[in-house]
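Structural features, examined
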Amino acid sequence: MMVLRDVSKRDLPGLKRLAAVLNSVNLPHNDDVLAGLIDTSVKSFSGKLEDPFAREYLFVLEDLRNEAIIGTSMIIAQHGTREAPHIYFQVTNAETYSATIDKHFRHKVLSIGYNYDGPTEIGGLVVDPPYRSGPDKPGKQLSYARFLFMAMHKKLFRERVLAELLPPLMTDGRSLLWESIGKKFTGLEYTEADKLSRQNKEFIKELFPSSDIWATLFPEKVQKLIGEVGPETRGVQRMLERIGFRYVDHIDPFDGGPHYEANLDDVTLVRRFRTATLGEKPLEQEADECLVGVTRAAGPNRFRAVRTMVRFDDQTVYLPKKARELLKAKAGDKLSVIPFE
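Residues numbered from 1 in each chain as written. Predicted model: local features only at pLDDT ≥ 70, side-chain atom pairs only at ≥ 80, totals over all residues. Heavy atoms only, no water.

To continue, consider helix α2 (residues 31-46). Given a rise of 1.5 Å per residue, 16 residues ought to cover 22 Å, and the 23 Å separating the end C-alpha atoms of α2 matches this to within 8%. Restricting attention to buried positions, one finds in α2 the residues L34, L37, I38, S41, S44 and F45. Along the axis of α2, the buried residues cluster in a sector spanning 130 degrees; they form a single face. Of the surrounding elements, those touching the buried residues of α2 are β1 (2-6), α1 (12-22), β2 (56-63), β3 (68-76), α3 (138-152) and β13 (303-313). You can read the cap of α2 off the contacts: a side-chain oxygen lies 3.0 Å from the backbone nitrogen of D32, and it is on N30. (Helix = DSSP H or I, 4+ residues; strand = E, 2+ residues; numbered from the N terminus. Expected span 1.5 Å × (residues − 1). Buried < 20%, exposed > 50% of the residue type's maximum accessible area, 1.4 Å probe, protein only. Arc of directions from axis to C-beta. Contact = heavy atoms within 4.5 Å. Polar contact = N/O pair within 3.5 Å; in protein donor to acceptor, adjacent residues only side chain to side chain.)

Now the structure itself:
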């Protein structure tokens, strides 16, 4: 089995290995960035960051057979503050008509928007390529772990949850939308701008046009990318839609990737969340497949979760022996459960 848990400082070598393979936007191959992500997460899980909405939680999935970190996911408690607003393009349609020449047009229009009291954001989902198509469904485990944790600690998160999905990118990692807009107004390459925006968004607000941008002026292939989901992200899109997320006509101002949102309370996994006490005997029969988690106030890991079979008997839950061991749970412990469907 695999175990989901909060990241710890001893995981830096494992994250560096994974980042070296992927070098993605979500997990850059940069020692300082990775160390910073770990440090912020450790302080978030431990409560050392007193403002709950300043916290960022990094989850890892560990394959215990070889003690390897094979994926990560993240929760940003609040994406969008007065110091660092959440920036997006609002996508609308404008219709024009000339009676003189009997011509009617429908144009896609982009309007820059800022959110200073933003939603909770889920992101940072990456999986080591050799594991992606396996039966363990690591991407789904990493994604669901975030909803399990948010359901366990609702007061630490905003009522609205945001997911920014990656669009189709060029083979060299560049964004066609950035080439058409961002690069012309900032003079920066896509990767440069993305890296800078993680620390400082001032250049976007000062250099991007404040007026509407008519996408009709872009090449047709760029227009088609607005709000589109990249091929490697379509599985995530389907999962989000299945549990209650919807495209909200907002896109990333850098690459045009669509923004999906939902009310936390309306997410099906959160609605079906339940807690129960671990029973004395291990489960030895077929039951329902779920994601089961536990949090602790102290220790090297504050959160642990496993995908396992469970059986409920009123307020008692029964798990297989191996799952109990991975959770380091004993009879009488309070466990949290969401379905794994």
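The subject of this paragraph is the packing of α3 against helix α9 (residues 234-242). Between α3 and α9, whose axes approach to 11 Å, the crossing angle comes to 35 degrees. Two packed elements cross with a definite hand, and for α3 against α9 that hand is right-handed. Contacts between α3 and α9 pair K140, S143, Y144 and F147 from the former with M239, L240 and R242 from the latter. Of the residues contributing to the contact of α3 with α9, the split by class is 4 nonpolar, 1 polar and 2 charged. (Axes fitted to C-alpha atoms, helices over the stretch in contact; angles between N-to-C directions. Left-handed = near helix turned anticlockwise from the far one by under 90°. Nonpolar A, V, L, I, M, F, W, Y, C, P; charged D, E, K, R; others polar.)

Running from N to C, α1 and α2 cross one another at 130 degrees; their axes reach a closest spacing of 10 Å. Classified by the interaxial angle, the pair formed by α1 and α2 is oblique. As α1 runs across α2, the sense of the crossing is right-handed. Contacts from L12, L15, K16 and A19 of α1 reach α2 at D31, L34, A35 and I38. Counted by class, the contact of α1 with α2 contains 6 nonpolar, no polar and 2 charged residues. (Parallel < 35°, antiparallel > 145°, perpendicular 65-115°, else oblique.)

Here the focus is the packing of aromatic side chains. As enumerated under the stated definition, the model contains 16 aromatic pairs in all. On the numbers, 5.1 Å between centres and 55 degrees between planes, the contact of Y57 with F149 is tilted. With Y57 in strand β2 and F149 in helix α3, this residue pair connects regions lying 92 residues apart in the sequence. Consider the rings of F147 and F245, whose centres lie 5.9 Å apart with planes at 65 degrees: the pair is edge-to-face. Here the residue F147 occupies a position in helix α3, and F245 occupies one in the loop between α9 and β9 (246-251), the gap between them amounting to 98 residues. Using a relative accessible area of 0% as the deciding quantity, one classes F245 as buried. Chaining the aromatic ring pairs together yields one cluster made of F45, Y57, F59, F149, F157 and F303. (Phe/Tyr/Trp six-rings, centres within 6.5 Å; stacked < 30°, edge-to-face > 60°.)

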